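Read off the chains here:
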Amino acid sequence: MNIKTLTFTSYFYLMSYAFAVTIIGPCNAGIDADFHAGERAMGALVSVHFIGFIVTTLYAGYLIDRIGLKPVMVAGVSLLGAMLVAFGLSRSLTALFVVMFIMGVGGGAVESSVNALVSAIHKDTRVYSLNLLHVFFGVGAFTWPMIAGYLLETGMSWRPLYHMIGAFSFAMALIVAAQKYPEAEAGQAVKLGDVFGMIKKPTVLLVGGVVAFYVGGEMGINTWVVRYFEQELQFKSAAAPVIGILVTPSFVLSFFWFTMTVGRLVATFAGKVVPDYILLRVVTALSAASAVTAFLVRSPLAAGLFIGLTGLFFSGIFATSVAIGGNRFPERLGMISGIVIGFSGLGNVLFNYGVGEVAQRTGSIRIGLLFASAMLVCMAACAFSIKKPGEAYNGDR
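None of these values were measured; they are calculated from a predicted model. (Residues numbered from 1 in each chain as written. Predicted model: local features only at pLDDT ≥ 70, side-chain atom pairs only at ≥ 80, totals over all residues. Heavy atoms only, no water.)

**Comments concerning the packing of helix 9 (residues 202-232) against helix 12 (residues 300-314)**
Between two packed helices, what matters for the description is the angle formed by their axes and the separation of those axes. One way to put it is that helix 9 packs onto helix 12 with a least axis distance of 12 Å and a crossing angle of 155 degrees. Regarding the angle of helix 9 to helix 12, the classification is roughly antiparallel. Both helix 9 and helix 12 take part in a crossing whose hand is left-handed. Taking contact as the criterion, the partners of Tyr214, Gly217, Glu218, Ile221, Val225 and Phe229 in helix 9 are, on helix 12, Pro300, Ala303, Gly304, Ile307, Thr310 and Phe314. Residue classes in the contact of helix 9 with helix 12 are distributed as eight nonpolar, three polar and one charged. (Axes fitted to C-alpha atoms, helices over the stretch in contact; angles between N-to-C directions. Helix = DSSP H or I, 4+ residues; strand = E, 2+ residues; numbered from the N terminus. Parallel < 35°, antiparallel > 145°, perpendicular 65-115°, else oblique. Left-handed = near helix turned anticlockwise from the far one by under 90°. Contact = heavy atoms within 4.5 Å. Nonpolar A, V, L, I, M, F, W, Y, C, P; charged D, E, K, R; others polar.)

**Remarks on empty space enclosed by the protein**
A water-sized probe, rolled over the atoms, reveals where empty space remains. With the rule as written, the count across this model stands at two cavities of 30 Å³ or more. What the largest cavity holds in volume is close to 150 Å³. Lining the largest cavity are 15 residues, with Glu111, Phe137, Val215, Glu218 and Phe318 sitting closest to its centre. Elements represented by at least two residues in the lining of the largest cavity include exactly helix 1 (3-22), helix 3 (39-67), helix 6 (126-153), helix 9 and helix 14 (333-362). Top contributing element to the lining of the largest cavity by residue count: helix 9, with four residues. What the second largest cavity holds in volume is close to 70 Å³. Lining of the second largest cavity is provided by Ala20, Val21, Ile24, Val46, His49, Phe50, Met100, Tyr162 and Met219. Among the elements of the structure, helix 1 and helix 3 are those that each provide at least two residues to the lining of the second largest cavity. Tallied by class, the residues present in the lining of the second largest cavity amount to eight nonpolar, one polar and no charged. (1 Å grid on protein atoms, 1.4 Å probe; cavity = no way out; pocket = protein on both sides within 12 Å on 5 of 7 lines; lining within 4 Å. Points joined across faces, edges and corners; volume = space filled by probe spheres on them.)

**Here we look at the side chain of Gln179**
By secondary structure assignment, the location of Gln179 is in the loop between helix 7 (158-177) and helix 8 (192-199). Not counting residues up to four positions away in its chain, the partners in contact with Gln179 are Thr5, Leu6, Thr9 and Lys70.

**What about the pattern of salt bridges?**
Counted according to the given criterion, the structure contains four salt bridges. Across the salt bridge formed by Arg227 and Glu39, the nearest N and O atoms sit 3.9 Å from each other. With Arg227 in helix 9 and Glu39 in helix 3, the pair connects residues that are 188 residues apart, well separated along the chain. Since its relative accessible area comes to 22%, Glu39 is described here as partly exposed. Glu357 is the salt-bridge partner of Arg40, the closest N and O atoms lying 2.7 Å from each other. With Arg40 in helix 3 and Glu357 in helix 14, this pair connects stretches of sequence that are 317 residues apart. (Salt bridge = Lys/Arg side-chain N within 4 Å of Asp/Glu carboxyl O. Buried < 20%, exposed > 50% of the residue type's maximum accessible area, 1.4 Å probe, protein only.)

**Quick look at the packing of aromatic side chains**
Per the counting criterion, the structure on display carries 19 aromatic pairs. Look at Phe19 and Trp144: their rings are 5.8 Å apart centre to centre, the planes differ by 50 degrees, and that puts the pair in the tilted class. Of this pair, Phe19 sits in helix 1 while Trp144 is found in helix 6, placing the two residues 125 residues apart along the sequence. Here the two residues Phe19 and Trp144 agree in accessibility, since each one is buried. Pairing Tyr214 with Phe314 gives two aromatic rings, centres 5.0 Å apart and planes at 85 degrees, and the pair type is edge-to-face. Of the two residues, Tyr214 sits in helix 9 while Phe314 sits in helix 12, which places them 100 residues apart along the sequence. Three or more aromatic residues joined by ring pairs make a cluster, and in this case those are Phe137, Tyr214, Phe256, Trp257 and Phe314. (Phe/Tyr/Trp six-rings, centres within 6.5 Å; stacked < 30°, edge-to-face > 60°.)

**Some details on the side chain of Asn222**
By the secondary structure assignment, Asn222 is in helix 9. At 3.1 Å, the side chain of Asn222 forms a polar contact with the side chain of Trp257. Apart from residues no more than four positions distant in its own chain, Asn222 is found in contact with Val21, Thr22, Ile24, Gly25, Leu253 and Trp257. (Polar contact = N/O pair within 3.5 Å; in protein donor to acceptor, adjacent residues only side chain to side chain.)

**Notes on helix 15 (residues 365-385)**
Each α-helix winds once per 3.6 residues, and so residues spaced three or four apart point in a common direction. Counted at 1.5 Å a residue, the expected span for helix 15 with its 21 residues is 30 Å, and the 31 Å between its end C-alpha atoms agrees. Buried within helix 15 are the following residues: Ile365, Arg366, Gly368, Leu369, Ala372, Ser373, Met375, Leu376, Met379, Ala380, Cys382 and Ala383. Along the axis of helix 15, the buried residues cluster in a sector spanning 165 degrees; they form a single face. Where helix 15 begins, one side-chain oxygen reaches toward the backbone nitrogen of Arg366, 3.3 Å away; that side chain belongs to Ser364. (Expected span 1.5 Å × (residues − 1). Arc of directions from axis to C-beta.)

**Quick notes on the packing of helix 1 against helix 7**
Put simply, helix 1 and helix 7 touch, their axes get as near as 10 Å, and they point 155 degrees apart. In this view, helix 1 runs roughly antiparallel relative to helix 7, as classed from their interaxial angle. Between helix 1 and helix 7 lies a crossing whose hand is left-handed. The residues of helix 7 that touch helix 1, namely those facing Thr9, Phe12, Tyr13, Ser16, Phe19 and Ala20, are Ile165, Phe168, Ser169, Met172, Ile175 and Val176. Of the residues in the contact of helix 1 with helix 7, the class split is nine nonpolar, three polar and no charged.

The following block contains the structure:
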C-alpha cells in the first residue's frame, strides 16, 4: 500500500463527485426549459439525488467495515459515471428523476468511502487531512461551473456537459481499481443495528444536525444562485471593478466555490492548532451571518461579495464535522463517516425541495434562498451545543 499515491488518488476521486454535484447550477435553467419542470420539480430533482445518497451512506459504512474500501470505491464511482452519462441521454422528466436517484446512490458511496479512506490512513492528522481532501472537492466545484458556464454561453447544450464528467468518473474507476487499500481491522465487523445505535448518541445527532443544515444551505446556493442573479437581480454580465474580469451568474457560483476552496486551505492548517469544536463554532456562526446578508442586499456586487464570504466560512464545516465524529468514535471510522455523511443527504433532501417549494409558492427565488440561509442559523446552534471531548454527553458512552 502506497499512502502517498492513495492520498493523491483520493483528491481526484472526490473531485469527480464535485463535478456531479455542481453541474446542476449552470444547467438548471436549460434543464427546466427542456422539460418544462418548474422550480418545485427542479428542487425535487436535487432532493431525489440525495435520497439515493442517504440510502447508500447509511449502508456504505457497514459495507466498508465488512468487505473493505476498494470494492465500495470502485463500484461507487463507476455507478456515478454511468448515471451521469444516462442523465445526459434522458428524454423525459421521469427518466431524469430515476437516473438522479441512482446517481445519488453512486455519489453516496464515493463520499463515504473516500472520507473513510483518508481517516484511516491519516489517523494522527485527521482534521488536517480531511480538510485538505475537501480542498480538492472545492477545486472541482469552482472550476467546472466556470467551464460549463462558458460552454453554455457558446451555445453548447447541457447534455454533453454531463457526458464529459461521466467519462472522468469512469477514468477514476480504473485508477482506483489498480491500487491496494488498507485492510479492515480485525473486530470491526458490525451489525446494522449498531448503526442505528450510533445515530442515537447525542454528539452524533448534533454533528449530524450541523452537516444536515450546512449542506442544505450549501446546495441551496449551488442550485439556485445562478438563476437568482439572472432572474431576480437581472444580472447578465459585467466587468469586475479594478481587475476587469467578466463576471457572469455562473462566475458568481464559481467564486462561491473558489472562496470555499481558499478557506479550506486555511482550515486545513487551523485544524492543526485549533480544537475541533472551537473551529466548528467559528465557521458556522460567520457563514450563517454572511448567507443571510447575501440575500437581503439588492446590489449584485454586494450580493456576490457576501456569497463569496459565505463560501469562505463554509470551508471548514464539513471536514471538521466528519473529523469530530472520527475523533469521538475512532473505533468505528467507516460507520461514523457513513452516518455523518448520511445526515448531509438528509439535509439536501429536505432543504433543496424546501427551497424550490418556497420559491414557487412565493414567486421569489430570493425568499427560497433566505429559507436556506435560515437553516444555517440552526446549523450554528447545533455546533455551539457540541461539547469538548472530556465533557461528552452520557449518552455517547
